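Structural characterization, general
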Amino acid sequence: MLITKPSDIKPSEITSKSVYLSRRNFLKTSINTGIAGSVASSGILMSGNAQAAKLDNIQKSPYSTIGEDLTDYDSITTYNNFYEFGTNKEDPAKYSGQFNPKPWSIQVDGECNKPGEIGLEDLIKPHTLEERIYRLRCVEAWSMVIPWVGIPLGDILKRFEPTANAKYVAFSTIFRPDEMPGQRSRVLRWPYLEGLRIDEAMHPLSILSVGLYGEELLNQSGAPIRLVVPWKYGYKSIKSIVKISFVEKQPRTAWNDSAPNEYGFYSNVNPNRNHPRWSQKKERRIGEFLKRETLMFNGYANQVASLYEGMNLLKNH
Ligand SMILES: Nc1nc2c(c(=O)[nH]1)N[C@H]1C(S)=C(S)[C@@H](COP(=O)(O)O)O[C@H]1N2
Ligand SMILES: [Mo]
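As the structure is a prediction and not an experimental result, all values here were calculated from the model.

1. Structural notes on the site of ligand 1
Lining the immediate surroundings of ligand 1 are 15 residues, of which N80, Y83, E84, T173 and K239 lie closest. In this structure, an oxygen atom belonging to ligand 1 sits 2.8 Å away from a side-chain N or O atom of N80. Interatomic distance of 2.7 Å between a backbone N/O atom of Y83 and an oxygen atom of ligand 1. Surface burial for ligand 1 is 98%, taken as the share of its 530 Å² of free accessible area covered by protein chains. A breakdown of the residues in the shell around ligand 1 according to their chemical character gives seven nonpolar, five polar and three charged.

Rendered as structure tokens:
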């Protein structure tokens, strides 16, 4: 563990995350060594997380959502939906320790001129990592604000030269029941599948994320690479992607397979269309007490509404 004196820590580094880590590592150290008293009295802060490597050369982006408080790192990494590791919010953080996302490669196939299998490093290398602060709105009516680190999905997809027949892009999560205990149950059909229309995939707000808060993704967040589409319900943002296919027909998706009347293909955040079992008008921002109004397209309507011109959003949900 790295031990950093308070004087070595720049004020800019004292974010809710480093505060969280120092608190957590402090507790760990206290338990391991029984030196809680001396550590506390000398005021030593610990920083650094053994699991998540820091990412370098991250550029800020004009596409980031501004003016909203970030959800703290603790909540982002312990309150998760990742059914491959269980259905409770705390399960992914608890039960993803056996999952090994290194090395990793992604298979790209279908309607493109340059299909193939590409290693994660080669996939990322030509691109600049960007910080993208986005709201994440789960269909269950809670939300967070997450500082993702990622690459525009369209920039990556273009390298494979999709053909004119590529009307949709299909994504698949890895299937590894030995490392993913939830995949030994039948709560969903595995592997988890998702998809986008090609113009949605090419929209500049759509990213593939490899990190958050300046560090690589932890397993529970979808290591090593996951989709983030901020104007759609969270379940579209498929985690731990191993396969990307350019296809002509609208692809199957995990939640649409499981309950087609509840989860459509588009899944755009829409406060005017209630889930059959609950209202979508409001949401609970994790860390806040009062509920917020849910915004059309999760507040990204100015950027994305034109993608759906002429579509009945209540029917084609
Ligand atoms: N493979 C896979 N991807 C997934 C899920 C899942 O269960 N499996 N859950 C989805 C849901 S419902 C949400 S809300 C987001 C949650 O992302 P987070 O845990 O990083 O907040 O991941 C999505 N991606
Ligand atoms: Mo979700």
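Moving on from the model shown.
2. Here's the deal with the sheet that holds strand β7 (residues 168–173)
Strand order in the open sheet formed by five strands is β4-β3-β12-β7-β8, with mixed pairing between adjacent strands. Strands with a single pairing partner mark the edges of an open sheet, and in this sheet they are β4 (116–119) and β8 (193–197). Pairs of neighbouring strands in the sheet enclose a mean axial angle of 20 degrees, with direction left out of account. As defined by bridge partners, β7 adjoins β8 across five bridges and the pair is classed as antiparallel. In the strand pairing of β8, A170 is matched with G195.

3. Structural notes on the pattern of salt bridges
For the structure shown, the criterion picks out 22 salt bridges. Among the ionic pairs, E140 bridges to K89, the shortest N-O distance being 3.0 Å. Taken together, the positions of E140 in the loop between β5 (130–137) and β6 (142–152) and K89 in the loop between α3 (73–78) and α4 (91–95) put the pair 51 residues apart, joining distant regions of the chain. Take E140: its relative accessible area is 31%, and that puts it in the partly exposed class. Put simply, E68, R135, R137, E283, R285, E288 and R292 are held in one network by salt bridges that share partners.

4. Details of the environment of P224
Take P224: it is sitting in the loop between β10 (215–216) and β11 (226–228). Spatially, the C-alpha atoms of P224 and S240 are 6.0 Å apart, while their sequence positions differ by 16 residues. Sequence-distant contacts of P224, defined by excluding residues within four places in its chain, comprise P101, W104, L120, S209, V210 and L217.

5. Digging into the confidence of the model for the protein chain
Taken residue by residue, the protein chain gives an average pLDDT of 88. The fraction at 70 or more is 84%. Note on residues 1–15: pLDDT is under 50 here. Beyond four places in sequence and across chains, it has 19 contacts.

6. Things to note about the pairing of β8
For β8, the buried fraction is high: five of the five residues fall into the buried class. Of the two faces of β8, the one lined by L193, G195 and R197 and the one lined by E194 and L196 are each fully buried.

7. Considering the packing of aromatic side chains
Across all of its chains, the model carries 14 aromatic pairs by this definition. Between Y235 and Y263, the ring centres sit 5.3 Å apart and the planes meet at 80 degrees, which makes this aromatic pair edge-to-face. Of the two residues, Y235 sits in the loop between β11 and β12 (241–247) while Y263 sits in the loop between α8 (254–258) and β13 (282–285), which places them 28 residues apart along the sequence. By relative accessible area, Y235 is classed as buried at 10%. Linked through ring pairs, Y83, Y233, Y235, W255 and Y263 together constitute an aromatic cluster. Looking at R135, its charged tip hangs above the ring of Y300, at a distance of 4.6 Å from the centre. Seen from the ring of F265, K236 lies directly overhead, with NZ or CZ sitting 4.2 Å from the centre.

8. A closer look at unusual backbone geometry
Here the residue pair W190 and P191 is connected by a cis peptide bond, since its omega of -5 degrees sits within 30 degrees of zero. Following the sequence through the fold, P191 ends up in the loop between β7 and β8. Between A223 and the following residue, P224, the backbone shows a cis peptide bond with an omega angle of -5 degrees. Even without a glycine there, the phi angle at A141 is positive, about 75 degrees.

9. Regarding the pairing of strand β9 (residues 207–212)
Counting buried residues in β9 gives six out of six residues, a clear majority hidden from the surface. Summarising the sheet, β6 and β9 pair through five bridges and their orientation is antiparallel. Within β9, the position partnered with G150 by the bridge is S209. As paired elements, β9 and β11 share three bridges and run antiparallel to each other. Directly across from L208, in β11, lies its bridge partner L227.

10. Considering the side chain of S221
Looking at where S221 falls in the secondary structure, it is placed in the loop between β10 and β11. Setting aside chain neighbours within four positions, we find S221 in contact with I76, T77, N80, L212, R226 and K239.

Thresholds applied
- Going along each chain's sequence as written, the residues are numbered from 1 onward.
- Numbering of ligands from 1 and lettering of chains from A proceed in the order in which they are written.
- A pLDDT threshold of at least 70 governs which residues receive local features in this predicted model, and a stricter bar of 80 or more applies before side-chain atom pairs are shown or counted, although totals over entire chains, interfaces and linings include all residues.
- Hydrogen atoms and water are omitted, and side-chain values are computed over all heavy atoms in the structure.
- Any residue with a non-hydrogen atom lying within 4 Å of a molecule or strand is treated as near it.
- Between N or O atoms, a polar contact is any pair within 3.5 Å; within protein, one atom must be a potential hydrogen donor and the other a potential acceptor, and residues adjacent in sequence are included only when both atoms are from side chains.
- Areas reported here follow the Shrake-Rupley algorithm with a probe of radius 1.4 Å; residue values treat only the protein chains shown as occluding.
- Under the scheme applied here, ten amino acids are nonpolar (Ala, Val, Leu, Ile, Met, Phe, Trp, Tyr, Cys and Pro), four are charged (Asp, Glu, Lys and Arg), and all others, including Gly, are polar.
- Here, any two strands with at least 2 DSSP bridges between them count as paired.
- Only runs of H or I of at least four residues qualify as helices and only runs of E of at least two qualify as strands under DSSP, and these elements are numbered from the N terminus.
- Axis geometry follows a simple rule: fit a line to the C-alpha atoms, using only the stretch in contact for helices, then measure angles between N-to-C directions, giving values from 0 to 180 degrees.
- The salt bridge criterion pairs a side-chain nitrogen of Lys or Arg with a carboxyl oxygen of Asp or Glu, the two atoms within 4 Å.
- Partly exposed describes any residue whose relative accessible area lies between the buried limit of under 20% and the exposed limit of over 50%, with all areas from a 1.4 Å probe on protein chains only and scaled to the type maximum.
- What makes two residues a contact is simply this: any of their non-hydrogen atoms within 4.5 Å.
- Per-residue confidence from the prediction method is given by pLDDT, with values spanning 0 to 100.
- Centres within 6.5 Å make a pair out of two Phe, Tyr or Trp rings, where for Trp the six-membered ring is used; the pair is then stacked when the planes are under 30 degrees apart, edge-to-face when over 60, and tilted otherwise.
- We call a charge positioned above a ring when the Lys NZ or Arg CZ atom is no farther than 6 Å from the ring centre and deviates by at most 35 degrees from the ring normal.

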